[in-house]
Amino acid sequence: MSESKRSGVFGALAGLVGLSALAGVLVAAAVTPAVAVTSSAATNAITMFDNLPSVLTIDKISLPSTLYYKDPKTKKDAVLAKFYDQNRSPVTWKQIAPVMYDAILSSEDARYYEHGGVDLVGTTSAVLSNLKGQSSRGGSSISQQYVKNVLIQQCDWNAKGNSVDAAEECWRQAAGSKGPDGIKRKIQEMRYAIALEQKYSKNEILLGYLNIALFGGTNYGVDAASRYYFGIPASKLSVAQAATLAGMVQDPNLYRIDLPAGSTRIKGKAANTAKDKIALVKNGDYYDMVDPASAPKDAVKITGYSVTKERQLYVLGRMLKNGKITQKQYDQAATAPIVPNITQPTVGCAKSTAPYYCAYVRNTILTDKAFGATASDRGRMLQKGGLKIYTTLDPRVQKAAQTAQNTYNPKTMSGTGFAGRFGSTSVSVEVGTGRVLAIAQNTTYSDTTDKNGKTGIIYAGDSKNGASGGFNAGSTFKLFTLLAWLKKGYSIYDQVNGTYQRITKWKDSCVEGGYVHTDGSYARNFQNEAAVYGTPAFFTKVSLNSGFWGMASQLDLCDIGKTAASLGVTRGDGTPIPLAAKGGSSNPANNPAPYEILGSDNVSPLAMAAAYAAVANGGIFCQPKVIDKVIGADGKQIATPDRTCEKVLEPKVAAAAAHALKGPMGAGGTAVTGNPNDGTELIGKTGTHDNLQTWLITSSTKVTTANWVGNAIGFGDLVNSWHKGRQLWNIRYPLARDIQGAIDGWYKGGKFHVPASIYDKTPQKPVPNVVGMSQAAATKTLRDAGFDAQIGFAVSSGLAAGAIAQQSARAARPGAVITLHPSNGDGGYASVPNVVGMTTGDAIDALLRAGYGYVIGSSIDSSRAAGVIAEQSAVSAVRGARITIRPSTGREASARPTPASVVPDVVGLSTGEAINALLHAGFTYAIGPSVDSDLLAGTIVKQSPGAHSARPGTRITIRPSNGSVDAG
């Protein structure tokens, strides 16, 4: 024997001597008021005992955290989900069946009500086991076992990093030590147990033990175990069930009955399975288990969980011996098979009725410092802290939203040729509170993502709380240009240049120098809508890109970015919208760019819903929240994450914006098919980005819902992909219609406020006519008159190169920016590329590169292949004009005369209006020399040919007024 082993044994024996003397003292201390100690060993033992801690703090017991929502029908709180490391449902004394107390005391501590916290016989037996190097299991009184469980709970709670390994090591130290360490632990348990019984009643300690003990797996406490194993509360336990649970505490995972394939292995084979063959033979008053293969014919044969059954028989025997049950009760329980009714609690979000909403709440707790300084602290609080978390979920809205998602959306487009990962979400926010009422998604919630439509990513959220980077906002982002426009004091009825403008210099006070310079690219309109002069109200209704381009050119890009930020909108990764950035970043994506005003940035649907809700709320922005209140395990309310409501827009600005946003929801608006038309006044906005992302945000005065349908990953074409006979890019409309319609039934929206001043245009004054002037003279003239000027792209004109050929306005508000287009000196018009014979796509690219717009006319019969351009409307035109191109049907043309069409009468129209009228009628045009007239400069005075019939494609010459009164 080595010296170290020899010394260890001698040390253990010495400890036993001391413990033996101490045991006598402890028994006397627990029973009698005074003790006489004479031996040296006893004195040393008591000194050691006195030096150990005597006060056990009973707190920090792991408890499940529960998410609740208010059931609108019953007005009661309902469970959404639970989170725990330990499934536990603490109960009171009367909520446990009396037979359970009898079962646990009979098997674990029959003299419980007689001793003072320490069972000398059992403890000595356990110490002897330690001396032999065996586990210290058993031998402890209920009080000692309670102490051990409390210490284990404290270890589990305080395990560094919330680590399973750390908790296991702590458990080993608290409950599984062998040898001298085990003796020391027993002594400490004894000291704590005696102190415990001096502070608490026997019933309090027994109840505490039954609420804390492990019953296998993650089930702690007798009520949680009863509900899990048998599907009933602890108050309903039968004799057999109580004996089964009481038997488990000796070795909880060995005696589990929720593992049909076996909870252990004996001689290499699975044991304690649901198919175990059991034979029982009566031996006096008791039943013994015998080998089923050799059992007598009169043996009782049952099936299932033989190891647990043997332990149950022991407990039943102890209960019978102690007079706690009758012989009849014993016989019935002993001969009955153990039949579990495993009832899984709702754990985590996957089984929740609102899994993505649930996950968003969970992530809020795990990321917000209101629930702990570190990620480890927050995880521990959620899994073990016993929080009662009352959410903002409205199950009615959630059900309606999820039903719409399931009805209209596929879970995946995998296998259809769709080039991306299809996704969709709807998120609803209560106006005036920021309470998130629902988050629905087309996918199946899962911790892993696969091609079959399973994912844990919350599309409605951002990277922090949803693991999502957001999606290109498209035209829903135009809200912030509209608001910046109104904040400047402009009207939604101001006339704005919405034609195609190549602007190379943009005001941006955020960047050094105050301007952002670009290459002069312009914003193309969706589906080739005409680029026209118009009002912000009109541009909003039809979502005209070129109109918002013109509005933004008169604003400060920084103001637009700051407006978005004030309404809580950032990029999906949490970084600010670059429009309000200082610039100078080596990464171009982090620098401001004019195209952002049209929604090129990735944003979260929840953030956009909250921003639109602020408009519906009269300019008061409420940060979205998913938690109403949180109650701790001690019954005290815990501070929830800080969420505020504050005024960020003047009421008149919000009211004017809301008035403009009614347009998309009405006749001729881009969102009209998403309107449930139930009489509720709504505002809203569509958004599309490169056929990849689509949006529709709708709002009453009560609830705002953001619907997004698009590519969660990749570049699938939403326009050319279909589901159930509907283009994917159109799914947003029935989604919004069904969800908003359902919401309107529960949340009665009112009328949006419309101040009288909303209809007043910003006071305007005449703009000097600078056509024909040099650029310098024109700029000075305008500035002297109280306007600003910027030079736009050159246009075809009969004027000398460099002279101003066009100006963007003849009347405007003071300080407005007037865009001046110099002549390119080409004599009035330039050559149009010959696109006949090209494919439609190539023809469009050729026209756009040459500076022309286009209209795709009706197909015509031609010998050319189908889709190849067979005819174009002009071979020369003013730069920027729209050229009508007509593709071939692929069929040979029949000999028939081309029918004539009526030429529109454009005299009296502005030049732009006249051009549009002619092009829409199928004619081409040329702008002739201006003429003297008392009409406003730019107004058409003459046209040739006049208003009569002509062959489509005929060039009509129009001559504008120069603004001078005819002297003759």
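Check the entry above for the structure.
All of the points below concern the structure found in this document.

**Some remarks on the overall build of the protein**
So, step 1. Per the secondary structure count, the protein includes 26 helices and 42 strands.
So, step 2. In the protein, which comprises 968 residues, the proportion classed as buried is 53%.
So, step 3. In the protein, the share of contacts with a sequence separation of at least 24, taken over all contacts with a separation of at least 6, comes to 70%.
So, step 4. For the protein, the accessible surface area stands at approximately 41300 Å², while carbon and sulfur atoms represent 52% of it.

**So, the nonpolar core**
So, step 1. Counting residues in each nonpolar core, the largest one holds 126 residues, and the members touching the most others are F480 and V569.
So, step 2. Looking at which element gives the most residues to this core, the answer is helix α21 (residues 605-616), with 11 residues.
So, step 3. Counting residues in each nonpolar core, the second largest holds 59 residues, with Y112, Y255, V307 and A333 among its members.

**Observations concerning the pairing of strand β2 (residues 77-83)**
So, step 1. Summarising the sheet, strand β1 (residues 65-70) and β2 pair through 6 bridges and their orientation is antiparallel. What sits directly across from K70, in β2, is D77.
So, step 2. In textbook terms, the turn of a hairpin is the stretch between consecutive antiparallel strands, and for β1 and β2 this stretch comprises 6 residues, one of which, K75, has a positive phi near 65°.

**Remarks on the packing of aromatic side chains**
So, step 1. One pass over the full model with this rule turns up 18 aromatic pairs.
So, step 2. On the numbers, 4.8 Å between centres and 70° between planes, the contact of F477 with F480 is edge-to-face.
So, step 3. One aromatic cluster is present, formed by Y286, Y287 and Y330 through successive ring pairs.
So, step 4. Positioned over the ring face of Y112 is K202, at 4.3 Å from the centre of the ring.
So, step 5. For the cation-ring pair, K629 lies above Y390, with the distance from its terminal atom to the ring centre recorded as 5.0 Å.

**Structural notes on the sheet that holds strand β35 (residues 869-872)**
So, step 1. One open sheet accounts for 3 strands, arranged β34-β37-β35; its pairing is mixed. In the strand order of this sheet, the two ends are held by β34 (853-856) and β35, each with one partner. The sheet shows a mean angle of 35° between the axes of neighbouring strands, taken without regard to direction.
So, step 2. Note that β34 and strand β37 (residues 882-887) share 4 bridges and pair parallel.

**Here's the deal with the pattern of salt bridges**
So, step 1. This structure, assessed with the given rule, holds 20 salt bridges.
So, step 2. A salt bridge links E197 to K202; the shortest N-O distance between them is 2.9 Å.
So, step 3. Take K202: its relative accessible area is 16%, and that puts it in the buried class.
So, step 4. Here R396 and D394 are joined by a salt bridge, their closest N and O atoms 2.8 Å apart.
So, step 5. What makes D394 buried here is its relative accessible area of 5%.

**Concerning the sheet that holds strand β7 (residues 277-283)**
So, step 1. Sheet architecture is open: 3 strands sit in the order β8-β7-β9, paired in antiparallel fashion. Taken across any chain shown, the strands that pair with only one partner, and hence form the sheet edges, are β8 (286-290) and β9 (300-303). Across the sheet, the mean angle from the axis of one strand to that of its neighbour is 35°, orientation sign disregarded.
So, step 2. Relative to β9, β7 runs antiparallel, the two sharing 4 bridges. When the bridges of β9 are listed, L280 appears paired with V300.
So, step 3. The sheet strands contacting helix α11 (residues 306-321) are β7, β8 and β9, and the helix crosses β8 at an angle near 160°.
So, step 4. The strands touched by helix α12 (residues 327-335) are β7, β8 and β9; relative to β8, the strand with the most contacts, the crossing angle is about 15°.

**Concerning the packing of helix α17 (residues 478-487) against helix α22 (residues 651-662)**
So, step 1. At a minimum axis separation of 9 Å, α17 and α22 run at an interaxial angle of 135°. Looking at the two axes, α17 sits oblique to α22. Here the hand of the crossing between α17 and α22 comes out right-handed. Residue-level contacts link L479, L482, L483, L486 and K487 of α17 to V653, A656, A657, A660 and L661 of α22.
So, step 2. Per-class residue counts for the contact of α17 with α22 are 9 nonpolar, no polar and 1 charged.

**Here's the deal with the state of the cysteines**
So, step 1. Summed over all chains, the structure comprises 3 disulfides.
So, step 2. With its sulfur 2.1 Å from that of its partner, C349 forms a disulfide with C358. Since a negative S-S torsion denotes a left-handed disulfide, the C349-C358 link at about -75° is left-handed. With respect to class, C349 is no different from C358; both count as buried.
So, step 3. The residue that forms a disulfide with C510 is C558, at a sulfur-sulfur distance of 1.7 Å.

**Quick notes on α17**
One turn of an α-helix holds 3.6 residues; hence residues three or four places apart share an orientation.
So, step 1. In terms of burial, α17 is largely enclosed, as 9 of its 10 residues are buried.
So, step 2. Of the positions making up α17, those classed as buried are K478, L479, F480, T481, L482, L483, A484, W485 and L486.
So, step 3. Those residues of α17 hidden inside the fold are in contact with α18 (536-542), α19 (545-553), α20 (557-566), α21, α22 and β23 (683-689).
So, step 4. Immediately beyond the C-terminal end of α17, within one or two residues, lies G489, with a positive phi of roughly 95°.

**Observations regarding α22**
So, step 1. Compared with an ideal rise of 1.5 Å per residue, which puts 12 residues at 16 Å, α22 spans 16 Å between its outermost C-alpha atoms and is within 8% of the ideal.
So, step 2. Those residues of α22 that sit buried are V653, A654, A655, A656, A657, A658, H659, A660, L661 and K662.
So, step 3. On the buried face of α22, the contacting elements are α17, α18, α21 and β23.

**Here we look at the environment of N497**
So, step 1. Looking at where N497 falls in the secondary structure, it is placed in the loop between α17 and β16 (505-507).
So, step 2. As for N497 and I818, which are separated by 321 residues in sequence, their C-alpha atoms are 9.1 Å apart.
So, step 3. Those residues in contact with N497 that sit more than four places away from it in its chain are V532, Y533, S546, G550 and S808.
So, step 4. Separated by 2.5 Å, the side chains of N497 and T499 make a polar contact.

Rules used in this analysis
Residues numbered from 1 in each chain as written. Predicted model: local features only at pLDDT ≥ 70, side-chain atom pairs only at ≥ 80, totals over all residues. Heavy atoms only, no water. Helix = DSSP H or I, 4+ residues; strand = E, 2+ residues; numbered from the N terminus. Buried < 20%, exposed > 50% of the residue type's maximum accessible area, 1.4 Å probe, protein only. Contact = heavy atoms within 4.5 Å. Areas by Shrake-Rupley, 256 points an atom, 1.4 Å probe, with all protein chains shown as cover. Core = buried A, V, L, I, M, F, W, Y, C linked by side-chain atoms within 4.5 Å. Pairing = 2+ DSSP bridges. Phe/Tyr/Trp six-rings, centres within 6.5 Å; stacked < 30°, edge-to-face > 60°. Lys NZ or Arg CZ within 6 Å of the ring centre and 35° of its normal. Axes fitted to C-alpha atoms, helices over the stretch in contact; angles between N-to-C directions. Salt bridge = Lys/Arg side-chain N within 4 Å of Asp/Glu carboxyl O. Parallel < 35°, antiparallel > 145°, perpendicular 65-115°, else oblique. Left-handed = near helix turned anticlockwise from the far one by under 90°. Nonpolar A, V, L, I, M, F, W, Y, C, P; charged D, E, K, R; others polar. Disulfide = S-S within 2.5 Å. Expected span 1.5 Å × (residues − 1). Polar contact = N/O pair within 3.5 Å; in protein donor to acceptor, adjacent residues only side chain to side chain.

Coordinates in, geometry out; function isn't part of it.
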